Number of protein chains: 2
Amino acid sequence: MAQNIYDQPTFFEGYSKLPRSVEGLDGATEWPAMRALLPPLAGLDIADLGCGYGWFCRFAAGEGARSVLGIDLSERMLDRARAEGVSASMRYERGDLDRLELPAAAFDLVYSSLALHYVEDAGRLLAEIHRSLKPGGRLVFSTEHPIYMAPSRPGFTSDGEGRRIWPLDRYLVEGPRTTDWLADGVIKHHRTLGTTLNLLIAAGFRLDHVEEFCPTEAQIAARPELEEERDRPMFLLVAATR
Amino acid sequence: MAQNIYDQPTFFEGYSKLPRSVEGLDGATEWPAMRALLPPLAGLDIADLGCGYGWFCRFAAGEGARSVLGIDLSERMLDRARAEGVSASMRYERGDLDRLELPAAAFDLVYSSLALHYVEDAGRLLAEIHRSLKPGGRLVFSTEHPIYMAPSRPGFTSDGEGRRIWPLDRYLVEGPRTTDWLADGVIKHHRTLGTTLNLLIAAGFRLDHVEEFCPTEAQIAARPELEEERDRPMFLLVAATR
């Protein structure tokens, strides 16, 4: 079972103050790149795995999706999502992505933003997602990039000459990584990029796009602190088709 | 035009002493992993782009390939390849991978070992390879991994606490990288893993396997100095189908 870190008060409080929690999709630097991978949503049956506050679910409903199912492990997140308003096409359910079972051939699009790195058995989940998609249906997801997740000390440091570096180690050693992001002892599951892609292929997906996200020139001009993102990718974005 | 570094005497002399030059395919740590991606070679029409001393060409001919075309930019490499023996099914040609034109639908397999990182316009080459494959034909290649190629100082160093780290920077800044491997001023072209895969997809390939190579437990047991390879991948191996 996945760690339910979002229901820990310290983590939840910290998370609720992030730009992506306050401003929604537009507060997430990678959202324009994610959106570019999406098909037009009108008329689609959509599942959002790890829906959090439901920002994407509301966006999809607003775009005219036929149905939107938001799934999250965190009761607190789902409470807040429901409080933000649930239209007739929307539904929220509690679910653990490490155990989730989905109806067969039910969705045109499965979307998942920054949830897969909490999942221990990604192969199981990806196979379940594949089964849940209609033929030709699409999976679009983001996850923490393995370069970001791998290191013993995941933070920028300096080499002997004052150059900012990302201290990569253990990239090829897969398995859990425990960090202290927002709360102590947050557990994520490190897989190489190759492993994630091979799990998708093994599940039957055709890979359409693999993006190691970098903020755009315009984003860096508007927020110069983003310049360091060029040194190592924080997010991996993938689009694939059943 | 690609830099013809292999015809520089200093580089050539250094390269000729590497285990992969002396021992051939079995001197390359990643060869078993590459071989696992290959179809049975008997009866196939094969091109080897960046064939070097021709080790793979001779291997393929020995496995019963119908025809093997080895292409390299270096006259010295081709001279040595020819001197090692050219059987009736084998042919060597000089060619620059940045300008190469190949016959249409001519090959069942295009193979390339550690040459793509010297190519400036990988999109052009991959489209040309796609065109040169018969429908259902396969591309299997290795290239230096972008994590290995990206840094300003591509070598292990130590963090303040004595931990070995790979000082990653500029991963998302694509373009030429100049290193002093075997000779000064060797030019390689850094592309993110995502870019390489998206160029393959844009060329029309279906991705079959993406491997960030790590030596096996048995290889590390036999050569303990390989243990550091777990900290960052040196090679990227890809298999794709037209």
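Details of the structure are given in the entry above.
Bear in mind that the values here come from a model prediction, so they are computed numbers and not experimental data. (Residues numbered from 1 in each chain as written. Chains lettered and ligands numbered in written order. Predicted model: local features only at pLDDT ≥ 70, side-chain atom pairs only at ≥ 80, totals over all residues. Heavy atoms only, no water.)

## Some details on the pairing of strand E4 (residues 107–113) of chain A
Residue and element names in this part refer to chain A. Selection rule: Burial classes: relative accessible area under 20% of the type maximum marks a residue as buried, over 50% as exposed, and values in between as partly exposed (1.4 Å probe, protein chains only). Each helix is a run of DSSP H or I of at least 4 residues and each strand a run of E of at least 2, with the numbering of both proceeding from the N terminus. DSSP calls a pair of strands paired once it identifies at least 2 bridges connecting them.
Judged by how many residues are buried, E4 sits mostly within the fold: six of seven residues are covered. Two strands pair when backbone bridges link them, and strand E1 (residues 45–49) and E4 are joined in this way by three bridges, in the parallel orientation. Each residue of the ladder has a partner; that of Asp48, found in E4, is Tyr111. Judged from the six bridges that link them, E4 and strand E5 (residues 133–144) form a sheet pairing that is parallel. Residue pairing across strands places Ser113 opposite Ser142, the latter belonging to E5.

## Some points on the relation of the copies chain A and chain B
Two copies of one chain are present, and they are related through a rotation about an axis combined with an axial shift. So the rule is basically this: Least squares is the method for superposing the copies, and the C-alpha atoms it fits come from residues with pLDDT of at least 70 in both.
With an RMSD of 0.0 Å, chain A superimposes on chain B once it is rotated by 180° and translated 0.0 Å along the axis. Taken together, the rotation and translation describe the operation of a two-fold axis. In terms of proximity to the rotation axis, the leading residue of chain A is Pro167(A), whose C-alpha is 2.6 Å off the axis.

## Focus: the environment of Ala60(A)
Residue and element names in this part refer to chain A. The following threshold applies: Residues are treated as being in contact if the distance between any of their heavy atoms lies within 4.5 Å.
Positionally, Ala60 belongs in helix H4 (residues 55–62). Expressed as a C-alpha distance, the spacing of Ala60 and Ile46, which sit 14 residues apart in the sequence, is 8.1 Å. Residues contacting Ala60, with those up to four places away along its chain left out, are Leu41, Ile46, Ala65 and Val68.

## What about the pattern of salt bridges?
Residues and elements named next belong to chain B. How we decide: A carboxyl oxygen of Asp or Glu within 4 Å of a side-chain nitrogen of Lys or Arg is what we treat as a salt bridge.
Following the criterion strictly, the structure yields 42 salt bridges over all chains and no others. Between Glu144 and Lys188 there is a salt bridge whose closest N-O contact spans 2.8 Å. Here the residue Glu144 occupies a position in strand E5 (residues 133–144), and Lys188 occupies one in strand E9 (residues 186–190), the gap between them amounting to 44 residues. Per residue, the accessibility class of Glu144 equals that of Lys188, and both read buried.

## Focus on the pairing of strand E7 (residues 164–168) of chain A
Taking burial as the measure, the five residues of E7(A) include four buried ones, the bulk of the element. Counting the residues in the hairpin turn of strand E6 (residues 157–158) of chain A and E7(A) gives five residues, including Gly162(A), whose phi is positive at 85°. Two elements, E7(A) and strand E7 (residues 164–168) of chain B, share three bridges in a ladder whose sense is antiparallel. Residue pairing for E7(B): Leu168(A) is matched across the bridge by Trp166(B).

## Section: the packing of helix H6 (residues 122–132) of chain A against helix H8 (residues 193–203) of chain A
All names here are of chain A. Applicable threshold: Geometry is summarised by axes, namely lines fitted to C-alpha atoms with helices restricted to the contacting stretch, and by angles between N-to-C directions that run from 0 to 180 degrees. Working definition: roughly parallel below 35 degrees, roughly antiparallel above 145 degrees, roughly perpendicular at 65 to 115 degrees, and oblique for all remaining angles. Helix crossings get a hand from a simple test, with the near helix turned counterclockwise from the far one by less than a right angle marking a left-handed crossing and a clockwise turn marking a right-handed one. Under this grouping Gly is polar, as are all residues other than the nonpolar Ala, Val, Leu, Ile, Met, Phe, Trp, Tyr, Cys and Pro and the charged Asp, Glu, Lys and Arg.
Across the interface, H6 lies against H8 with an axial gap of 9 Å and an inter-helix angle of 40°. The angle between H6 and H8 falls in the class oblique. Where H6 crosses over H8, the two elements pack in a sense that is right-handed. In this structure, H6 contributes Ala122, Gly123, Leu126, Ala127 and His130 to the contact, and H8 contributes Thr196, Leu199, Leu200 and Ala203. In terms of residue class, the contact of H6 with H8 is built from six nonpolar, three polar and no charged.

## Focus: the side chain of Gln219(A)
Residue and element names in this part refer to chain A. Selection rule: Polar contacts, as used here, are pairs of N or O atoms within 3.5 Å; protein pairs need one atom able to donate a hydrogen and one able to accept it. Residues neighboring in sequence count only if both atoms are side-chain atoms.
Its place among the elements puts Gln219 in helix H9 (residues 217–222). Of the residues examined, Gln219 reaches a relative accessible area of 19% and is grouped as buried. In this structure the side chain of Gln219 is engaged in a polar contact, spanning 3.0 Å, whose partner is the backbone nitrogen of Thr216. Excluding anything up to four places from it in sequence, Gln219 contacts Thr29, Pro32, Phe213 and Leu226.

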